[in-house]
Amino acid sequence: MRSATVTRTTAETRITVEVGLDGTGQYDNQTGVGFFDHMLDQLARHSLIDMTVRCEGDLHIDDHHTVEDVGIALGQALTQAMGDKRGIVRYGACLLPMDDALVRAALDLSARPFLVWNVDLPTAKVGTFDTELVREFFQAFATHGGITLHVDMLHGVNSHHIAEAAFKAVARSLRDALEVDPRKGDAIPSTKGAL
């Protein structure tokens, strides 16, 4: 099983992330930030990545360090679990509707991190959660996961729906990209011979 555990400790956060790429989408995520936990649950469930996240962060300041640092650790865990990426499909894309929201995600597990983020969350908060942190999570995750990631909102008026559609669209894209290609199960999916 392709799996990894990453521990990250700074003056701002203490994090442990466990992932299993060949799982069934089981999750147990506890960061102290309720809406973020809900989004991580969606990421696990719809990517079929088994995921456990524990984070103790400086929430007395705000949620920023917790969300960003979990993105860093989760990206690092994904990179470790993929290994040399032998046999993976590599690319994934999803057009995901959720009520009023329609979000498109496309990604390449290329080891060339880049984020294109065309998502307008119309409110500053969902409950007590700062919506600008959705982008911060994906920036950290893409950077440390070596992912070229494009996320585009095509429609949407409800910030909760838009954010959740983004997490689900990325999850479904990851699910496709991480699959082992039955026609090339032992090959690295690049003409360079390495990713």
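Up top is the structure these notes are about.
I will try to describe carefully the structure that is included in this document. Per chain, residues are indexed from 1 in the order of the written sequence. Side-chain atom pairs in this predicted model are given and counted only at pLDDT of 80 or more, local residue features only at pLDDT of at least 70, and totals for whole chains, interfaces and linings cover all residues. As a rule here, side-chain values cover all heavy atoms of the structure and leave hydrogens and water aside.

Here the focus is helix H4 (residues 159-178). Strands here are runs of E lasting at least two residues and helices are runs of H or I lasting at least four, both read from the DSSP assignment and numbered beginning at the N terminus. One fewer than the residue count of a helix, multiplied by 1.5 Å, yields its expected span. For H4, which comprises 20 residues, the first-to-last C-alpha distance of 28 Å matches the rise-based estimate of 28 Å (1.5 Å per residue) to within 8%. Summary of the burial criterion: residues with accessible area below 20% of their type's maximum are buried, those above 50% are exposed, and those between are partly exposed, where the area comes from a 1.4 Å probe applied to protein chains only. Taken across its 20 residues, H4 has 16 buried, putting it largely inside the fold. Whenever a nitrogen or oxygen atom comes within 3.5 Å of another N or O atom, the pair is scored as a polar contact, on the condition that within protein one atom can donate a hydrogen and the other can accept it, and that pairs from neighbouring residues in sequence are kept only if both atoms are in side chains. Put simply, Asn 158 is the residue that caps the front of H4, since its side-chain oxygen is 3.0 Å from the backbone nitrogen of His 160.

So, about the pattern of salt bridges. The working definition used for a salt bridge is a side-chain nitrogen of Lys or Arg within 4 Å of a carboxyl oxygen of Asp or Glu. Summed over all chains, the structure comprises 10 salt bridges. Notably, a salt bridge pairs Arg 14 with Glu 56, separated by 2.5 Å at the nearest N-O pair. Taken together, the residues Arg 14 in strand S2 (residues 13-20) and Glu 56 in strand S4 (residues 50-57) connect sequence positions 42 residues apart. Note on Arg 14: relative accessible area 47%, which makes it partly exposed. The shortest N-O distance in the salt bridge between Asp 84 and Arg 86 comes to 3.3 Å. Residue classification places Arg 86 among the partly exposed positions, given a relative accessible area of 43%. Because the salt bridges share partners, they merge into one network encompassing Arg 90, Asp 108 and Arg 112.

Bringing helix H1 (residues 34-47) into the picture now. Its 14 residues give H1 an end-to-end C-alpha distance of 20 Å, which sits within 8% of 20 Å, the value for a rise of 1.5 Å per residue. Within H1, 10 of the 14 residues are buried, which leaves the element mostly enclosed by the surrounding structure. Within the span of H1, buried status applies to Phe 35, Phe 36, Asp 37, Met 39, Leu 40, Asp 41, Gln 42, Leu 43, Ala 44 and Ser 47. Positive phi appears at Leu 48, one or two residues downstream of H1, with a value of about 65°.

The next thing to look at is the sheet that holds S2. A sheet is described by the order of its strands in space; here 4 strands give the open sequence S1-S2-S4-S3, paired in mixed fashion. Each edge of the sheet is formed by a strand with only one pairing partner; in this case those strands are strand S1 (3-9) and strand S3 (27-30). The sheet shows a mean angle of 5° between the axes of neighbouring strands, direction not considered. Across 7 bridges, the pairing between S1 and S2 is antiparallel. Across the sheet, residue Ala 4 finds its bridge partner in S2, namely Val 19. Whether two residues are in contact is decided by their heavy atoms: any pair within 4.5 Å suffices. Lines fitted to C-alpha atoms define the axes, with helix axes restricted to the stretch in contact, and inter-axis angles between N-to-C directions lie between 0 and 180 degrees. Along the sheet, H1 makes contact with S3 and S4, crossing S3 at roughly 155°. Strands are labelled as partners when DSSP assigns at least two bridges between them.

Let's shift gears to the packing of aromatic side chains. For Phe, Tyr and Trp, rings pair up if their centres lie within 6.5 Å, where Trp contributes its six-membered ring, and each pair is then called stacked (planes under 30 degrees apart), edge-to-face (over 60) or tilted (otherwise). Enumeration over the complete set of coordinates arrives at 7 aromatic pairs. Where Phe 137 meets Phe 141, the ring centres are 5.7 Å apart and the plane angle is 10°; that geometry is what we call stacked. Here Phe 137 pairs with Phe 141, and both are found in helix H3 (residues 132-145), just 4 residues apart, close to one helical turn. Through a chain of ring-to-ring contacts, three or more aromatic side chains come together here, namely Phe 36, Trp 117, Phe 137, Phe 138, Phe 141 and Phe 167.

What follows is about the pairing of S2. Hairpin connection of S1 to S2: 3 residues between the antiparallel strands. As defined by bridge partners, S2 adjoins S4 across 8 bridges and the pair is classed as antiparallel. Note on S4: the bridge partner recorded for Glu 18 is Thr 52.

Nothing here speaks to function; it is geometry throughout.
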